[in-house]
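Here is what each chain is made of, one letter per residue.
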Amino acid sequence: MSAPIYRVENLRKEYERRVVVDVEQLEIYAGEIFAVVGPSGAGKSTLLRLLNFLETPTYGQIVYRDRVLDGHIPIETRRQVTTVFQRPVLLRAGVRDNVAYGLGLRGQRADGRVDEIIAQVGLQALTYASAHKLSGGEMQRVALARALVIEPRVLLLDEPTANLDPYNVGLIEEIVREQNRARGTTIVLVTHNVFQAKRLAPRVGLMLNGRVIEVGNTQQFFDAPHDPRTAAFVRGEMVY
Amino acid sequence: MDELTRGFFQAIQLIFSADPALYEIIFLSLRVTGLALLVSTAIGVPVGAALGLSNIRARGFITALLYTGMGLPPVVVGLFVYLMLSRSGPFGVFGWLFTPSAMIVAQIIIAFPLVSGLTMAAVQGVDPALRLQVRSLGATRAQEVWAVLREARLGVIAAIVAAFGGIISEVGAVMLVGGNIEGKTRVLTTAIVLNTRTGEFSLAIALGVILLALAFLANVAMLRLQGKS
Ligand SMILES: Nc1ncnc2c1ncn2[C@@H]1O[C@H](COP(=O)(O)OP(=O)(O)OP(=O)(O)O)[C@@H](O)[C@H]1O
Ligand SMILES: [Mg+2]
């Protein structure tokens, strides 16, 4: 296994004194696909915001590429990581402008890369459509395309296929796999869908009440979990 | 009724007659209101945006102040500016009273709360998740603010147009501080008051039609801008 790109130790996030994320230890390795599963409200999205440096931890810190990050995070570092959010927010503009947005922020031109990625997610027919008229699944694909076009080192995906039909789920999963294989992008995938975690990620972690309960390679995690709570979650018997 | 019809036709004639006095009044109105709008936009949009984006504790208080300012009676603003600029007032040395400068100052005070208050409301109306989204895509602090303003642009344009409509049609303040001096501080609204009083209805109607047309054009321009996005 390669070196960790993230090392998280005693990381805590509280909202109004309520602990939402409390991770004792977690390592994410450079170039891997790591899946995070867990019930609603477990703190998965909050963990992603922390990994994207969008929130300040209440306690603890994140070591990213061997650098301890606290306080001010340089823009060059921030620009290596991006998130496809659970509820994508598009700009009041056309599809193409939305996809090109991150390039513009970096002073780059919206060139052929943009159209290539729009085609990849199957939206060429909507290239010049207004983003606010898209369906939920189309918006989600625009959000994925605009994250891919900036070629991030780390891609955080929060339920990226939640609104998609089976055909598009397959399409997106293949894009994610390809991105990881061809570019070595580190991917953290949050999903409710344990089958998707199985299909995409060699390593999986379970979050429960803000804590990371168990991390393991996928086969062991699903077939022979150490923690009874993991077993219950995997069998779909968890009560929450 | 007869008088009204006759006045109306004379008004149309006047508008197309290129009467220099009439055009001087129109030009001065546009100059005073245009400059006042420019200044209140240049200050009001950043202030409104900053208020809409920040979480400062005093925001509730400042919002209450701005909303009160949006409802200020122009004539009270005129009185205030009059006192400030009168010979014995603190800014009397400028000698601005009864000049277009005084009218501009008064209109800035009327327009500023409108521009900043409505800009603030527009900025607050932008989905808060958008800021996280653009930051995640690599926006600097300044790029993030710009993205929010761009999302709020329809509301910001509406704020500027509302302020334009408010001050171009305002009469109390410009009358007090400008004095309605012919060829010097006479604008559309004060000219309408004068001509109505002296029974020159056709001129008053002509001026009224022009005023309406200006307000109409401003709104058409706004709708076109909104339609583009
Ligand atoms: N900005 C916030 N302010 C206050 N509470 C928050 C905030 N963000 C999240 N929370 C709370 O933190 C808890 C975890 O939220 P989070 O969105 O991380 O869960 P999740 O695991 O992603 O859930 P889901 O699977 O439903 O998306 C929730 O109880 C939520 O109400
Ligand atoms: Mg979530």
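A few points about the overall build of chain B
So, point 1. In terms of helices and strands, chain B carries eleven helices and zero strands.
So, point 2. Going residue by residue from the N terminus, the α and β elements of chain B occur as α-α-α-α-α-α-α-α-α-α-α.
So, point 3. For chain B, with 229 residues in total, the buried portion stands at 42%.
So, point 4. At a minimum sequence separation of 6, the contacts of chain B that also span at least 24 residues come to 73%.
So, point 5. Working note: accessible area of chain B is about 11,600 Å², and carbon and sulfur atoms make up 70% of it.
So, point 6. Taking the average place of the 15 positive charges on the side chains of chain B and the average place of its 10 negative ones, the gap between the two points comes to 14 Å.

Details of the environment of Q25 of chain A
So, point 1. Along the chain, Q25 of chain A turns up in strand β2 (residues 18-29).
So, point 2. Excluding residues within four positions of it along the chain, Q25 of chain A makes contact with V8 and E9 of chain A.

Considerations on the sheet that holds strand β3 (residues 33-37) of chain A
Residues and elements named next belong to chain A.
So, point 1. Ordered in space as β6-β7-β8-β3-β9-β10, the six strands form an open sheet in which the pairing is mixed. Two strands bound the open sheet, and with one partner strand each, they are β6 (81-84) and β10 (211-217). On average, adjacent strands in this sheet sit at an angle of 20 degrees to one another, irrespective of strand direction.
So, point 2. With four bridges connecting them, β3 and strand β8 (residues 186-190) associate as parallel partners. Its bridge partner being in β8, A35 is matched across the sheet by L189.
So, point 3. Contacting β3, β6, β7 (154-158), β8 and β9 (203-208), helix α1 (residues 44-51) crosses the sheet at an angle of about 160 degrees to β7.
So, point 4. Contacting β6 and β7, helix α5 (residues 136-148) runs over the sheet at an angle of about 170 degrees to β6.

Some thoughts on the interface of chain A and chain B
So, point 1. Taken together, the contact pairs 23 residues of chain A with 16 residues of chain B.
So, point 2. Together chain A and chain B conceal approximately 1,800 Å² of surface at their shared face, both sides included; 53% is due to carbon and sulfur atoms.
So, point 3. The largest contributions to the chain A side of the interface with chain B come from L54, V89 and R92 of chain A, which together make up 31% of the buried area.
So, point 4. Here chain A is connected to chain B by one salt bridge.
So, point 5. Across the pair D127 of chain B and R87 of chain A runs a salt bridge, and its minimum N-O distance is 3.1 Å.
So, point 6. Linking chain A with chain B are 14 residue pairs in polar contact (both at pLDDT 80 or more).
So, point 7. Going through the elements one at a time, α2 (75-78), β6, α3 (95-105) and α5 of chain A are the ones with two or more residues in the side of chain A that touches chain B.

Observations concerning the side chain of E214 of chain A
Residue and element names in this part refer to chain A.
So, point 1. In this fold, E214 is placed in strand β10.
So, point 2. Buried charge E214 goes without a salt bridge, the closest partner of opposite sign being R229 at 8.0 Å.
So, point 3. In terms of polar contacts, E214 uses its side chain to reach the backbone amide nitrogen of D227, at 2.9 Å.
So, point 4. Setting aside anything within four residues of it in sequence, one finds E214 in contact with V204, G205, L206, Q220, F221, P225, H226, D227 and T230.

Quick look at the environment of Y29 of chain A
So, point 1. Assignment of secondary structure puts Y29 of chain A in strand β2.
So, point 2. Along the chain, Y29 of chain A and L206 of chain A lie 177 residues apart, while their C-alpha atoms are 17 Å from each other.

Quick look at the packing of aromatic side chains
So, point 1. Scanning the model with the defined rule gives seven aromatic pairs over all chains in all.
So, point 2. Ring geometry for F53 of chain A and Y64 of chain A: centres 5.5 Å apart, planes at 75 degrees, overall edge-to-face. With F53 of chain A in the loop between α1 and β4 (59-64) and Y64 of chain A in strand β4, this pair connects stretches of sequence that are eleven residues apart.
So, point 3. With 6.2 Å between their ring centres and 80 degrees between their planes, F8 of chain B and F9 of chain B make a pair best called edge-to-face.
So, point 4. When its relative accessible area of 40% is taken as the criterion, F8 of chain B is described as partly exposed.
So, point 5. Following the ring pairs from residue to residue traces out a cluster consisting of Y6, F53 and Y64 of chain A.
So, point 6. Above the ring of F222 of chain A, the side-chain terminus of K198 of chain A is found at 5.0 Å from the ring centroid.

A look at the coordination of the magnesium ion (ligand 2)
So, point 1. At 2.0 to 2.3 Å from the magnesium ion (ligand 2) lie its protein donor atoms, namely S45 of chain A (OG) and Q86 of chain A (OE1). Highlighted residues: S45 of chain A in helix α1 and Q86 of chain A in the loop between β6 and α3, separated in sequence by 41 residues.

Points about the site of ligand 1
Residue and element names in this part refer to chain A.
So, point 1. Within the structure, ligand 1 sits among 14 residues, and S40, K44, S45, T46 and Q86 are positioned closest to it.
So, point 2. The separation between a nitrogen atom of ligand 1 and a polar side-chain atom of R49 is 3.3 Å.
So, point 3. In the complex, 67% of the free accessible area of ligand 1, which totals 630 Å², lies under the protein chains.
So, point 4. Elements supplying a minimum of two residues to the shell around ligand 1: β2 and α1.
So, point 5. Residue contributions to the shell around ligand 1 peak at four residues, all from α1.
So, point 6. The class makeup of the residues in the shell around ligand 1 is four nonpolar, seven polar and three charged.

Quick notes on the rules
- Residues numbered from 1 in each chain as written.
- Chains lettered and ligands numbered in written order.
- Predicted model: local features only at pLDDT ≥ 70, side-chain atom pairs only at ≥ 80, totals over all residues.
- Heavy atoms only, no water.
- Helix = DSSP H or I, 4+ residues; strand = E, 2+ residues; numbered from the N terminus.
- Buried < 20%, exposed > 50% of the residue type's maximum accessible area, 1.4 Å probe, protein only.
- Contact = heavy atoms within 4.5 Å.
- Areas by Shrake-Rupley, 256 points an atom, 1.4 Å probe, with all protein chains shown as cover.
- Lys, Arg positive; Asp, Glu negative; His and termini not counted.
- Charge placed at Lys NZ, Arg CZ, Asp CG, Glu CD.
- Pairing = 2+ DSSP bridges.
- Axes fitted to C-alpha atoms, helices over the stretch in contact; angles between N-to-C directions.
- Buried area = accessible area lost by both parts, 1.4 Å probe.
- Salt bridge = Lys/Arg side-chain N within 4 Å of Asp/Glu carboxyl O.
- Polar contact = N/O pair within 3.5 Å; in protein donor to acceptor, adjacent residues only side chain to side chain.
- Phe/Tyr/Trp six-rings, centres within 6.5 Å; stacked < 30°, edge-to-face > 60°.
- Lys NZ or Arg CZ within 6 Å of the ring centre and 35° of its normal.
- Donors = N, O, S within 2.8 Å, 3.2 Å for Na, K, Ca; no water.
- Near = heavy atom within 4 Å.
- Nonpolar A, V, L, I, M, F, W, Y, C, P; charged D, E, K, R; others polar.

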